[in-house]
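Listed below, chain by chain, are the residues.
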Amino acid sequence: MRYDCIVRIGMLVRAPKLVRADIGIVDGRIVAIEPELTGSAREEIDASGLHVLPGVIDCHVHFNEPGRTDWEGAATGSTALAAGGGTTFFDMPLNSSPTTVDAEAFRLKREALELASHVDFGLWGGLVPGNVKRLDELAECGAVGFKAFMCDSGIADFVAADDYTLWRGMQAAAALGLPVAVHAENDVICRGLAREAITAGRRGVRDYLNSRPVVAEVEAIARVIELAADAGCSLHIVHVSSGRGVATVAAARARGIDVTCETCPHYLVLTDEDVERIGAAAKCSPPIRGPADRDALWQGIEHGDIAFVASDHSPAPHSMKQSENFFEIWGGIAGCQTMLGVMLEEGYGRRGIPLERIAELLSSAVARRFHIPDKGKIEVGNDADLALVDLSTSTTLKRDDLRYRHCVSPYLGRRLGGIVRRTIVRGRTVLCDGAIVGTAAGRLVRPIGAKR
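Parameters and conventions
Residues numbered from 1 in each chain as written. Predicted model: local features only at pLDDT ≥ 70, side-chain atom pairs only at ≥ 80, totals over all residues. Heavy atoms only, no water. Phe/Tyr/Trp six-rings, centres within 6.5 Å; stacked < 30°, edge-to-face > 60°. Helix = DSSP H or I, 4+ residues; strand = E, 2+ residues; numbered from the N terminus. Lys NZ or Arg CZ within 6 Å of the ring centre and 35° of its normal. Pairing = 2+ DSSP bridges. Axes fitted to C-alpha atoms, helices over the stretch in contact; angles between N-to-C directions. Salt bridge = Lys/Arg side-chain N within 4 Å of Asp/Glu carboxyl O. Disulfide = S-S within 2.5 Å. Buried < 20%, exposed > 50% of the residue type's maximum accessible area, 1.4 Å probe, protein only. Parallel < 35°, antiparallel > 145°, perpendicular 65-115°, else oblique. Contact = heavy atoms within 4.5 Å. Nonpolar A, V, L, I, M, F, W, Y, C, P; charged D, E, K, R; others polar. Core = buried A, V, L, I, M, F, W, Y, C linked by side-chain atoms within 4.5 Å. Right-handed = clockwise from strand over helix to strand, strands pointing away.

Participant: I keep staring at the packing of aromatic side chains and nothing clicks. Help me out?
Facilitator: For any pair of aromatic rings, geometry is given as the distance between the ring centres together with the angle between the planes. Counting across every chain of the model gives 9 aromatic pairs. Judged by centre distance (5.3 Å) and plane angle (85°), the ring pair of Trp-124 and Phe-370 falls under edge-to-face. In this pair, Trp-124 is assigned in the loop between strand E8 (120-123) and strand E9 (125-126) and Phe-370 in the loop between helix H13 (355-369) and strand E15 (386-396), connecting sequence segments 246 residues apart. Here the aromatic residues Phe-90, Trp-124, Phe-308 and Phe-370 are joined through ring pairs into a cluster of three or more. Its end group placed over the ring of Tyr-208, Lys-283 keeps NZ or CZ at 4.4 Å from the ring centre. Above the face of the Phe-326 ring, Lys-283 is positioned so that its terminal group lies 5.5 Å from the ring centre.

Participant: In this structure, what is going on with unusual backbone geometry? I would like to understand it.
Facilitator: Working note: non-glycine residues mostly have negative phi, and peptide bonds are mostly trans. Residue Pro-66 is reached from Glu-65 by a cis peptide bond, and omega for that bond is 5°. Tracing the sequence through the fold places Pro-66 in the loop between strand E6 (56-61) and helix H1 (74-83). The omega torsion of the bond from Ser-285 to Pro-286 falls at -5°, within 30 degrees of zero and hence cis. In this structure, Asn-64 is a non-glycine residue whose phi angle is positive, near 65°.

Participant: Looking at this model, I keep getting lost on the sheet that holds E8. Mind explaining?
Facilitator: Each strand in a sheet pairs with another by means of backbone hydrogen bonds, the pair being arranged parallel or else antiparallel. Across the sheet, 3 strands lie side by side as E6-E7-E8; this open sheet has parallel pairing. Strands with a single pairing partner mark the edges of an open sheet, and in this sheet they are E6 and E8. Neighbour to neighbour, the strand axes of the sheet diverge by 20° on average, direction disregarded. Bridge count between strand E7 (residues 86-91) and E8: 4 bridges; the pairing is parallel.

Participant: Would you take a moment to explain the pattern of salt bridges for this structure?
Facilitator: Opposite charge on two side chains lets them pair, provided their charged atoms get close. One pass over the full model with this rule turns up 35 salt bridges. For Asp-187, the salt bridge is made with Arg-191, and the minimal N-O distance between the two is 2.7 Å. Here Arg-191 and Asp-187 lie together in helix H5 (residues 187-199), a separation of 4 residues that amounts to about one turn. With a shortest N-O distance of 3.9 Å, Asp-207 and Arg-202 are connected by a salt bridge. In the salt-bridge network here, residues are joined through shared partners; they are Arg-29, Asp-120, Asp-374, Lys-375, Asp-383, Asp-385 and Arg-426.

Participant: Hey, could you run me through the state of the cysteines in this one?
Facilitator: As used here, a disulfide is simply a covalent bond connecting the sulfur atoms of two cysteines. The final tally for this structure, using the stated rule, is 0 disulfides. Cys-5 forms no disulfide, and the closest cysteine sulfur to it belongs to Cys-432, at a distance of 11 Å. Cys-5 sits in the buried class, given a relative accessible area of 2%. The closest cysteine sulfur to the non-disulfide-bonded Cys-261 is located on Cys-264, 11 Å from its own sulfur.

Participant: Would you take a moment to explain the packing of helix H8 (residues 243-254) against helix H11 (residues 291-302) for this structure?
Facilitator: A pair of packed helices is captured by two measures, namely the crossing angle of their axes and the spacing between those axes. Two elements in contact, H8 and H11, have axes whose closest approach is 8 Å; the angle formed by their N-to-C orientations is 30°. One way to sum up the angle between H8 and H11 is to call them roughly parallel. Facing H8, whose interface residues are Gly-243, Arg-244 and Val-246, H11 presents Asp-293, Ala-296, Leu-297 and Gly-300. Within the contact of H8 with H11, the residues separate by chemical class into 3 nonpolar, 2 polar and 2 charged.

Participant: Just to check I follow, could you spell out the environment of Ile-358 for this structure?
Facilitator: In this structure, Ile-358 sits in helix H13. Residues Ile-358 and Tyr-348 lie 10 residues apart in sequence; the distance between their C-alpha atoms is 7.3 Å. Sequence-distant contacts of Ile-358, defined by excluding residues within four places in its chain, comprise Met-343, Leu-344, Gly-347, Tyr-348 and Ile-353.

Participant: Explain the nonpolar core to me, please; I cannot follow it from the model alone.
Facilitator: It is characteristic of soluble globular proteins that their nonpolar side chains tend to be buried jointly. Within the largest apolar cluster, 101 residues are counted, with the highest numbers of intra-cluster contacts made by Phe-146, Met-170 and Ile-237. Sequence-distant contacts of Phe-146, that is, excluding residues within four places in its chain, are made with Trp-124, Gly-125, Leu-127, Leu-135, Leu-138, Ala-139, Ala-173, Leu-176, Leu-178, Pro-179, Val-180 and Ala-181.

Participant: Explain the pairing of strand E13 (residues 259-263) here, please?
Facilitator: In regular strands, side chains alternate between the two faces of the sheet. Judged by how many residues are buried, E13 sits mostly within the fold: 5 of 5 residues are covered. The alternating pattern of E13 places Val-259, Cys-261 and Thr-263 and Thr-260 and Glu-262 on opposite faces, both of which are buried. Summarising the sheet, strand E12 (residues 235-237) and E13 pair through 3 bridges and their orientation is parallel. In the strand pairing of E13, His-236 is matched with Thr-260. On the question of chirality, the crossover connecting E12 to the parallel E13 by way of H8 is right-handed. In this sheet, strand E14 (residues 308-309) lies alongside E13 in parallel orientation, the contact comprising 2 bridges. Of the residues in E14, the one forming a bridge with Glu-262 is Phe-308.

Participant: Which parts of the structure should I look at to understand the environment of Gly-28?
Facilitator: By secondary structure assignment, the location of Gly-28 is in the loop between strand E2 (19-26) and strand E3 (29-34). For Gly-28, a relative accessible area of 12% translates into the label buried. Expressed as a C-alpha distance, the spacing of Gly-28 and Val-249, which sit 221 residues apart in the sequence, is 37 Å. If near-sequence neighbours (up to four positions away) are discounted, Gly-28 is found in contact with Asp-383, Ala-384, Arg-426 and Gly-427.

Right under this line is the structure:
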């Protein structure tokens, strides 16, 4: 047998247990997994001493291309993701210009990412007032689902969806066999509290945190679950920040409703006191909560109530992260590069979460939930998307380590578990010892089973 590539003697992170084996790759796919593969290959990669994980699938990023590449762009964003062991991302529809709410905007984004991205990508379509009849064309283009906001998105041309739009959009999404992903916060509560604070001259970090209470998240989650249940729609709640939010989703699932939720590394490792200390680099919405919610989120992971972890990588130029009024600062955290390192340090290292579960949270569960074929697991027949990680060491994150367009991170000075030595996308090395290899060759991934 002649292979294009053999990855030799790595410790493969596969369920139900780790196994030391070789991986044979032909035409970008895994064709053999055996302890000692015989045969030759054009390339052999020595993975001895390394753990081989399925490449990270980050289903929630804002790379802002086309139109706002000065915020990030797919070239720098995908480089950062690859540096963190990522092989696929799903880009959100709101920060590009035009926003991804119709087929033409989808085409423009796909073309831009195919030219710039070093890793594979999926695209979310947008659900906004006035475009419900466009969801079918977005599905035809290959959208992984439809994203909606129940509160101000921060982008003027991506308007929050009222309940009627959500309900009608969910009916359309159900007919198409695609999920709706929702940013769930009660807009009336958040706007009212923000207005009260600003009018009274309270414009600091703590004032912002107090303006977006847990009840605003929980009420919105409960409301959108009922709309989805009535519409027969598959629902996903993005970036849940509170234990009560997770419990609301878990209770709905126990009733047979097709709903899942994700959380993000910043909710798992930072607290409100860290936001006060770090400042703008740690501002997001929903906001980072206190230690009790942080611990409840870890319990949600351990109990299986949180489906997976996503970065919600949402950068902006330095000018948008600077203001005496904390309400005016762009609310987004840069985190796609550090997600695996945070989970290895905090989940695997400190909490003893098995590597197989880490791989599920960052890869296989994402591919399964969004019906992405041939991704997420180290299996014969799947794409050879791999992260080769040295778990014998760790690193302290420095500004010079960041591969983002803007070197901002709330994790500076924090220990990250493991070091990604190599990232492989469809059998092709895209990053080796911190350096990008080759040119951009990312491809669009499409869900299977959608009714198009």
